[in-house]
Amino acid sequence: MIMLDDVHFSYEGIYTALRGVSLQIDDGERVAIMGANGAGKTTLMKHLNGLLRPQKGKVFLDGRDTSRLSVAQMARVVGLVFQSPDYQLFLDSVHTEIAFGLRNLGFTDEEVEERCSKTMEGLGLSGLSERSPFDLSGGERKRVALASVLAVEPRVLALDEPTIGQDAGQKERLAELLMDLNKAGRTVIVVTHDIEFIVENFPRTIAMADGKIIADGPTSSVLSNERAIDLCSLTYPQMTQAARALKRAFPDISERLTSLSEVEDTIVSILGGRRK
Amino acid sequence: MSLLGFLEVFQYTRRDSPIHSLDPRSKLFLSIVCAVISVLFTDILPLLIVFFCVLPLIALARSMKRWARSMKGLSILLVFVIVFNTLLSPVTNPFSRSIALTIRLIALMTSISVFFLTVHPDQLSQALIQMHVKFEFAFAMSMAMRYVPTLAQEAYAIMDSQKARGVELDRGNPVRRIRNIVPIIVPLIIVSMRRALSIAESMESRGFGASKKRTYMDRLRFRKRDWGVVLASVLALVLLTYVRLYVPLPEWMLWSLPF
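Residues numbered from 1 in each chain as written. Chains lettered and ligands numbered in written order. Predicted model: local features only at pLDDT ≥ 70, side-chain atom pairs only at ≥ 80, totals over all residues. Heavy atoms only, no water.

Trainee: So what's going on with the domain arrangement of chain B? Residues and values would help.
Mentor: All names here are of chain B. What the domain assignment reports for chain B is domain 1 (1–119 + 222–259) and domain 2 (127–218). The C-alpha centroid of domain 2 is placed 29 Å from the C-alpha centroid of domain 1. Opposite the 6 residues of domain 1 that make contact, domain 2 presents 6 residues. A combined buried area of about 560 Å² lies between domain 1 and domain 2, and 72% of that area is made up of carbon and sulfur atoms. At the junction of domain 1 and domain 2, the tally comes to 0 salt bridges. (Domains from an automatic or database assignment. Contact = heavy atoms within 4.5 Å. Buried area = accessible area lost by both parts, 1.4 Å probe. Salt bridge = Lys/Arg side-chain N within 4 Å of Asp/Glu carboxyl O.)

Trainee: Tell me about the sheet that holds strand S5 (residues 64–65) of chain A, and name the residues and values.
Mentor: Residues and elements named next belong to chain A. Read across the open sheet, the 4 strands follow the order S2-S1-S4-S5; overall the sheet is antiparallel. Strands at the two margins of the open sheet, each flanked by one partner only, are strand S2 (15–25) and S5. Here strand S1 (residues 2–11) runs beside strand S4 (residues 56–61); their pairing, made up of 5 bridges, is antiparallel. Pairing of Met 3 across the sheet is with Phe 60, part of S4. (Pairing = 2+ DSSP bridges. Helix = DSSP H or I, 4+ residues; strand = E, 2+ residues; numbered from the N terminus.)

Trainee: Any chance you could break down the sheet that holds strand S8 (residues 187–191) of chain A for me, citing the residues and the numbers?
Mentor: Residue and element names in this part refer to chain A. Spatially, S6-S7-S8-S3-S9-S10 is the arrangement adopted by the 6 strands of the open sheet, whose pairing is mixed. At either end of the open sheet lies a strand with only one pairing partner, and these are strand S6 (78–81) and strand S10 (212–218). Averaged over all pairs of adjacent strands, the angle between their axes in this sheet comes to 15°, without regard to strand direction. Packed on one face of the sheet, helix H5 (residues 138–150) meets S6 and strand S7 (156–160) and runs near 170° to S6. (Axes fitted to C-alpha atoms, helices over the stretch in contact; angles between N-to-C directions.)

Trainee: Got a sec to walk through the nonpolar core? Specific residues and values, please.
Mentor: All names here are of chain A. Membership of the largest hydrophobic core comes to 48 residues, with the highest contact counts inside it found for Met 34, Leu 178 and Phe 202. The greatest single-element share of this core, amounting to 6 residues, is contributed by H5. Ignoring any residue separated from it by four or fewer positions in sequence, one finds Leu 178 in contact with Leu 157, Leu 159, Val 188, Val 190, Phe 197 and Phe 202. The next biggest cluster of nonpolar side chains, apart from the first, holds 32 residues, and it includes Leu 52, Val 77, Val 78 and Met 208. (Core = buried A, V, L, I, M, F, W, Y, C linked by side-chain atoms within 4.5 Å. Buried < 20%, exposed > 50% of the residue type's maximum accessible area, 1.4 Å probe, protein only.)

Trainee: Tell me about the interface of chain B and chain A, and name the residues and values.
Mentor: Between chain B and chain A, the contact holds 19 residues from the first and 22 residues from the second. Here chain B packs against chain A, burying approximately 1,800 Å² in sum over the two surfaces, 60% of which is carbon and sulfur. Three residues, Ala164(B), Arg165(B) and Arg194(B), lead the burial of chain B against chain A; their summed loss comes to 37% of the area buried on that side. One can count 3 salt bridges joining chain B with chain A. Residues Arg165(B) and Glu97(A) are paired through a salt bridge, measuring 2.9 Å at the closest nitrogen-oxygen approach. Inspection of the region where chain B meets chain A yields 8 residue pairs in polar contact (both at pLDDT 80 or more). Those elements giving two or more residues to the side of chain B that touches chain A turn out to be helix H7 (148–164) and helix H9 (182–205) of chain B. (Polar contact = N/O pair within 3.5 Å; in protein donor to acceptor, adjacent residues only side chain to side chain.)

Put into structure tokens, the structure is as follows:
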């Protein structure tokens, strides 16, 4: 369980990135964090594993105050994957790159091998095992960076913009992988602008603007909140737009439709029930 | 970045000062002459005199604070220089010698910083161009200066990424710490090379080098005071070189510490 209590942070006193953020994320949750550029999302993520320390307020991990834990200690529990893969890849093959984090944290050789091959398979990297990360495409590099953190199997996974540069197929596989990890009990936290990715995969959404949390709750209600969408400079999910168009013709349907299945059910009920 | 803090003295600061308003070419000449004079001498007193002649230039450029901060950052390195020279130097009074070398290093850095503190990267490239350096090289030079802060930012981002993977940068024995530089330096180089390529591509797609003959909005002009600076520098250089080569310095000038 992660708890942030009134966390404030500003960069060298010049630029205030967080102005009193409080939130609680329980074990096994899937949470999306959205917000306009500069809303403080990445700064928030860096507080989860101690890269940044709150200047006011506290961060708790499983009820323990984290101010005395080192980043390496927290990295075992919270795996953070950054936006740019190029900031972490430095070894000569995909395989050694993925093994690097495991070795840092002191896993045995067999464990390293086992986890490496498992992760590579999960992310569709098996065929690239001996390739140099620097020769790969942007999307592939991104998956290698992701794999290098996933392999550690941290209890909490925090991903900063994981869908950028991934094609639809890869996005779907990423979603599946995250679902599997989540089913195995891991908490998944994602920062993203990809609203369709949120709708399909994350039951809870936190919206941030100007260093504060402006909405936190079930995805469907946050994403139908006009102010939140506006402040995060997003457009409504396609299904919500479809539902609104539908509502013009059929005023009595719900406005809070965000997923495909909800819209499908509504249309079916308008058409007079499901045909068997 | 306290370790590299001493480099601050080589970073341009915008100020309204007599030194800033000089032509970069005359400043370059002045800087080089000061640097050459600092290496002409090896004894404590002459070096101190040189140093106290150069320091007012920094004061005149209204940058004493920055200079002092840099020197504070440099102090660790200086202590290092003193200790190692004292221990390893074969001369008869090594401590005195290493003090002299330290003063020389400070004087040298101060001399060179007179130029870098007061010349904007754009002025530097314009100066190079008017000294008939090809535009492409001059441009590359000012780009390099422009990207130093970006590189520093990137280094921090990379450190964060690696820490998140369990690299403990500030723990362990010295060998381990040195090995820990690898995960920082490799991505930094790769990212820089990628960026260099993409900057080159975007510059070409915006027509860089399309016209052979360039014209410039601002051209540097050598004014009377610039000639004055160059003349004074030449005189100082000639005089001191003559002194160094043909005039035996009086006994008191060669004073050194007893050990």
